[in-house]
Each structure stands twice: as structure tokens, then as C-alpha cells.
Amino acid sequence: MEEVVNELTLFEEDREPVVKVENVTMRFTLNKEKIDNLKEYFIRLIKGKLEYNNFVALNNVSFEIYKGDRLAILGLNGAGKSTLLKTIVGVYKPTEGKIMKKGVIAPLLELGAGFDPNYSGRENIYLYGAILGYSREYIDSKIEEIIEFSELGHFIEVPVKNYSSGMRSRLGFSIATAVEPDILILDEVLSVGDAKFRKKSLAKVKSMFDRGVTVLFVSHSIEQVKAICNKAILLEHGNIIASGEVNEVADVYEEKTTRTKTKTQQAVVPITDKEKKEDKKAMAEAKKAFDKIKEYEDEVVQAMAEKEDPERRYSIYLDIKKQYQTDSLTKEEFKEEVKKLLEADLSDPESPYASEHLSKFEARLQRVGKNDEKES
């Protein structure tokens, strides 16, 4: 096989490409010396003493992808894989060349990057969903599916700052894959969580193939690449040096990795003792935070039990809690509303809760009574 190839050509006369990368070059400017304040920067600028190095991350890259193609982007660390994906998504604007795309793109690049650490997992589902462009109505229809897939259980009510990196990644993956995209972009995201979750993540991505989703996939795992992709390109220092059928390009990649390593890279990197301790600590902190939430809710329920009509009060409480979980109420407003509910006299017709939370039977009976009054 010819190792050096200038571009990936997937020529098909009867189809339009869904992604077309045309002569794309990406350059970054790096300062030779550290300048940590604005004053020093302007002094050097005026004196003409600012010195830069140009770093070429991508060099005249061209290829086309057609609907249903699953393209692997291979290369050693620093080859330009993630830069290429971010350029396609639109995070970076290419220095030269152009990129054309068709359809809805779901980028899974840095899972959980948009999370607010002080919000609960549930609240961050709505926040992260908004960042990805999902409507509130769409998230409402998918939220239980997202929570179930993430396997976070009751930790979904715990602030994300108490999550381990694996828990954040699992939640991010679950939100991002809830969409139905035309183009799915994956950057080393199928290594999140434990072995069981990785297997489930792979199955989730594969299920999208039946809908004809086009995939761009970056991974160091050759096993995953061969399981998912049918085509591949190999990058080295920002240049495409091999392209074509996935098994052929994977062979070239493996040959290169064996030159720089004493053994081939494994499909799954084992979890270190340090990572195990961090996960254990994060789980303990998350449990502690959840226990605080549970303790507060237990106190609320016990207080309701001493009031009249506790079942209706609890129904109202669940509505207030839902508003808090969907960002309609702040934490302070939520607690204030709960306090008002506990102090309210539900039998008082003037109470704000008297008519809003009647049972269906009571509401129907009330309407019948009003109709009888009108007839008499």
C-alpha cells in the first residue's frame, strides 16, 4: 500500500458528500517567551521585540464523507486529530481552505465541559441540553431515558461538583446521544465509565447506524475503530499519510505504533489505583450530598404528617420540587415555597393552594355543583 497519500478520495458520482474538507490548513501562533501582563506586551510590540513561532496543526487536508460512511481518524498524540474534528464542528476557523457540511451534527468532543458544578445532575441535563441546542420540551421527553442510561440513580439530584470524572462523562454522553443527528462526531468518548458502561456506549452508537448516521470517530483503540468504522485516514504531523478501507489503514497505524512502543496499545486502558481512590472519594461525597437532600425531604414529609390533608400537601410539594429541578425556582425560593406550604390552611378558600391542587374527582364534583347552582 502506498503510505503517503495527499488526500482521502471517496468518489461517488451519484451522491453529494455530507462533509467536504477542502485544502484545510490550521496554523497556531505561539509566543517564544512568556508574557504575563498587558504592559510588557505593548512595550515589546512597540519595540518590535515580539517573537512568535508558527505551529501547523493541519496541513492542506482534503477529503469527503458520504451519508452512512463511518470514518476513523487515526494518528499518534499531537497528529492533529482533535484539531481536525474541532475545525469541522466549527470550534476553530481554518487558516486556509474551507469545510462544507450538511445536516444536524452532534459533537461528542469534551463530555461535561458545559456543566455547572453547583447544579445537580438533573439541572445540568437541561443546561447541557440547551448548549447542544435542544429545546426544553425535547429534554422533558428524554430526561428519564437520559437518567436511566447514565446509571446515576439517586445521584442525579446531587451537585455535579461531587461527581467523579467518570460520572460527569457518563452524564454528558447520555445527554449528547439523546439527539438524533445526521452526523455524529466522537473524540475518545467511548472509553468513559467502567467496562460495562463502555460496552453499552458502543451499543448505543451502533444503534444509530441503522438510521444511516454518518460518523467521524477518533480513538486509539483499534478494536473499537474496526468495530465501528468502514473507512479511515491516518494523520501524522497534520498531514494525511494514509487513507482508504479501515483494515488497511489500521495496519499502517499499528505498524507505526510498534516502532515507537515496545508493545501495541491496548483497547482499554486499565483504571489505576489513584483513579479508583478518586472515584471512591467522589462517590462518598456524592452520597453525603444526597443524604443531606434526603434528610431535608424526610423532615418535610414528617412535618406534613402532622398537618391536615398530608397527601394533598405532598402532591403540591412534588410540583414545587419539579419547578426547582427545572430551574424555575432558586434553592432559597424553593425552601420558602415549602415553608409556605407547611404553614398554609388548605381548607381556607383564600389559600393559594385551595383550588390549584384538587383531585380530579374533587374538581369534577365542584364543576357539577356550580352547574346545579346556575340551573336553579
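Since the model is a prediction, treat every value here as computed from it, not as a measurement.

J.: How should I be thinking about helix H4 (residues 136–150) in this particular structure?
T.: Every α-helical turn comprises 3.6 residues, leaving residues that sit three or four positions apart pointing alike. At Lys 142, H4 shows its largest kink, close to 50°. Those residues of H4 lying buried are Ile 139, Lys 142, Ile 143, Ile 146, Ile 147, Phe 149 and Ser 150. Those residues of H4 that are buried lie in contact with helix H3 (121–131), helix H5 (165–176) and helix H6 (195–209). Just past H4, the residue Glu 151 takes up positive phi, approximately 60°.

J.: Quick question: what am I supposed to make of a positive patch on the surface here?
T.: On the surface, Lys 161, Lys 288, Lys 292, Lys 331 and Lys 335 cluster together into a positively charged patch. Only helix H9 (273–305) and helix H11 (331–343) provide two or more residues apiece to the positive patch. In this structure Lys 288 comes out as exposed when scored by relative accessible area, which is 56%.

J.: Would you mind going over the confidence of the model for the protein with me for this structure?
T.: Reading fine detail from the predicted coordinates is not recommended where pLDDT is low. With 73% of its residues at a pLDDT of 70 or more, the protein has an overall mean of 76. Taken element by element, the protein is modelled with least confidence in helix H12 (residues 360–375), mean pLDDT 55, and with most confidence in strand E8 (residues 231–236), mean pLDDT 91. Low pLDDT (under 50) marks residues 1–14, which in the prediction has 35 contacts with non-local residues, meaning those over four places away or in another chain.

J.: Would you mind going over a negative patch on the surface with me for this structure?
T.: Where like charges cluster on the molecular surface, the negative patch consists of Glu 308, Asp 345, Asp 348 and Glu 350. Within the fold, Glu 308 resides in the loop between H9 and helix H10 (310–325).

About the criteria used
Residues numbered from 1 in each chain as written. Predicted model: local features only at pLDDT ≥ 70, side-chain atom pairs only at ≥ 80, totals over all residues. Heavy atoms only, no water. Bend = angle between axes of the 7 residues up to and from the residue. Helix = DSSP H or I, 4+ residues; strand = E, 2+ residues; numbered from the N terminus. Buried < 20%, exposed > 50% of the residue type's maximum accessible area, 1.4 Å probe, protein only. Contact = heavy atoms within 4.5 Å. Patch = residues over 30% accessible without salt bridge, like charges linked within 9 Å, V, L, I, M, F, W, Y side chains within 5 Å. Areas by Shrake-Rupley, 256 points an atom, 1.4 Å probe, with all protein chains shown as cover. Salt bridge = Lys/Arg side-chain N within 4 Å of Asp/Glu carboxyl O. Lys, Arg positive; Asp, Glu negative; His and termini not counted. Charge placed at Lys NZ, Arg CZ, Asp CG, Glu CD. pLDDT = per-residue confidence, 0-100.

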